[in-house]
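Breakdown of the fold
As a plain string of letters, each chain reads:
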Amino acid sequence: MPFFVFLHCKNKVIYLNFMIEKRISIGNIDPIDFYGINNSKFNLLKEYFPKLKIIARGDELIIQGEIGDIEILTDKITALLEHYHRYNMLTVANLKRIIQEDNPVDIPGNTDSVILYGNAGKAIRARTVNQRKLVEVAHTNDLVFATGPAGSGKTYTAIALAVRALRNREIKRIVLSRPAVEAGESLGFLPGDMKEKVDPYLQPLYDALSDMIPSKKLEEYLESEVIQIAPLAYMRGRTLNDSFVILDEAQNTTRNQLKMFLTRMGVNAKFVITGDMSQIDLPRRSDSGLAHAFNILKDIKGIAFVEFSSEDIVRHRLVKEIVKAYNEEKNTTD
């Protein structure tokens, strides 16, 4: 705690501001990201506050000096941390601007379509009409079905919404799931334990998360189960409160499986179900729980449906043409 000594000398009062020490944690930010390579950003910070002794020890800043100077630096560090958590980056230019300006404007460019900022400050945007629609309906509905062709950004947009909700502390955890349906491969003949067998099915979810969350923080979230990625079968018996839950590849769930999953919804939970009806790998297409859910849940208030099309495909330009060719071939044979 700060303390002062007051000396009365004739008609004057002299204030002696004693040195204090304060410690500030930078949390689970990678020190290299925050301090800079070879401590470039940290050394710049020290140059701006020459009266203070600033020491960096891992995830902690130790500051020694007079209380007034420490309070100013504390406010600046708080602003720097807020900037990093919003944009997943802190450049030298950002650091200079935040320290030099009293009320720095922290909105780079047009942010209308930005869902969140991923690694290295990459703007994760809703890039198509239906991606923007998914963002809108997810705001007002607790259960959303998003269907459409490969590459249309259904799952990627949903995961961005989940990460944003976690970052904004609207929920306490993210749960991502997929059915481990064998599309021509056999789980039994794959090497390794069960986790190693199913991880290939879940890799697209890891890929999306790694775009949006720094690797160190993502590893901590996975270890602490703030983010959980699991096959659909692992959902049975659970109640998911305070969670953003995404079921991917839902076209490969049976009716009973999807019913089981939907009834996991707890208090303050948001569910997004994604799938592509043209890629059903079940023995019979009619068994798909996703198609069945569309028919029986469409009139329930609080449930929204977003149907993506080939116009939403944002992968390589050839993907759109490939999907178009397959759809045309299917229409001629039906």
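Check the entry above for the structure.
Residues numbered from 1 in each chain as written. Predicted model: local features only at pLDDT ≥ 70, side-chain atom pairs only at ≥ 80, totals over all residues. Heavy atoms only, no water.

Considerations on a nonpolar patch on the surface
Taken together, the side chains of Leu318, Ile322 and Tyr326 define a hydrophobic patch exposed on the protein surface, amounting to about 330 Å² of accessible area. Residue placement: Tyr326 occurs in helix 11 (residues 317–333). (Patch = residues over 30% accessible without salt bridge, like charges linked within 9 Å, V, L, I, M, F, W, Y side chains within 5 Å. Areas by Shrake-Rupley, 256 points an atom, 1.4 Å probe, with all protein chains shown as cover. Salt bridge = Lys/Arg side-chain N within 4 Å of Asp/Glu carboxyl O. Helix = DSSP H or I, 4+ residues; strand = E, 2+ residues; numbered from the N terminus.)

Let's talk about the nonpolar core
By size, the foremost hydrophobic cluster in this structure holds 37 residues, and its most contacted members are Ile159, Leu209 and Met212. The residues contacting Ile159, other than those within four sequence positions of it, are Leu176, Leu205, Ala208, Leu209, Met212 and Ile246. If you look at the next biggest cluster of nonpolar residues, it comprises 25 residues, including Phe34, Tyr35, Ile77 and Leu81. (Core = buried A, V, L, I, M, F, W, Y, C linked by side-chain atoms within 4.5 Å. Buried < 20%, exposed > 50% of the residue type's maximum accessible area, 1.4 Å probe, protein only. Contact = heavy atoms within 4.5 Å.)

As for the packing of helix 5 (residues 129–140) against helix 6 (residues 154–167)
The geometry of helix 5 relative to helix 6 is characterised by a closest axis approach of 10 Å and an angle of 40 degrees between their N-to-C directions. With respect to their mutual orientation, helix 5 and helix 6 come out oblique. Crossing of helix 5 over helix 6 shows right-handed handedness. Here Gln131, Leu134, Val135 and Ala138 of helix 5 lie close against helix 6, whose contacting residues are Lys154, Thr157, Ala158, Leu161 and Arg164. Of the residues belonging to the contact of helix 5 with helix 6, the class tally is five nonpolar, two polar and two charged. (Axes fitted to C-alpha atoms, helices over the stretch in contact; angles between N-to-C directions. Parallel < 35°, antiparallel > 145°, perpendicular 65-115°, else oblique. Left-handed = near helix turned anticlockwise from the far one by under 90°. Nonpolar A, V, L, I, M, F, W, Y, C, P; charged D, E, K, R; others polar.)

Quick notes on the sheet that holds strand 13 (residues 303–307)
The six strands are arranged 10-9-11-12-8-13 in an open sheet whose pairing can be described as parallel. The open sheet has two free edges, formed respectively by strand 10 (227–231) and strand 13, since each of these has just one partner strand. Recorded for the sheet is a direction-independent mean angle of 15 degrees between the axes of neighbouring strands. Across four bridges, strand 11 (residues 243–247) lies against strand 12 (residues 270–275) in parallel orientation. When the bridges of strand 12 are listed, Phe244 appears paired with Lys270. Seen against the sheet, helix 5 touches strand 8 (143–147), strand 12 and strand 13 and runs at an angle of roughly 175 degrees to strand 13. (Pairing = 2+ DSSP bridges.)

Let's talk about the sheet that holds strand 3 (residues 19–25)
Hydrogen bonds along the backbone pair up the strands of a sheet, which may run parallel or antiparallel. Here we have three strands laid out as an open sheet, ordered 3-5-4, and antiparallel in their pairing. Bordering the open sheet on either side are strand 3 and strand 4 (53–57), each of which pairs with just one other strand. If you compare each strand with its neighbour and ignore which way they point, the axes differ by 15 degrees on average. With seven bridges joining them, strand 3 and strand 5 (residues 60–66) adopt antiparallel strand pairing. Counterpart to Ile24 in the pairing with strand 5 is Leu61. Lying on the sheet, helix 2 (residues 40–48) is in contact with strand 4 and strand 5; it crosses strand 4 at an angle near 160 degrees. Packing against the sheet, helix 3 (residues 67–87) makes contact with strand 3, strand 4 and strand 5, and its axis sits at approximately 150 degrees to strand 5.

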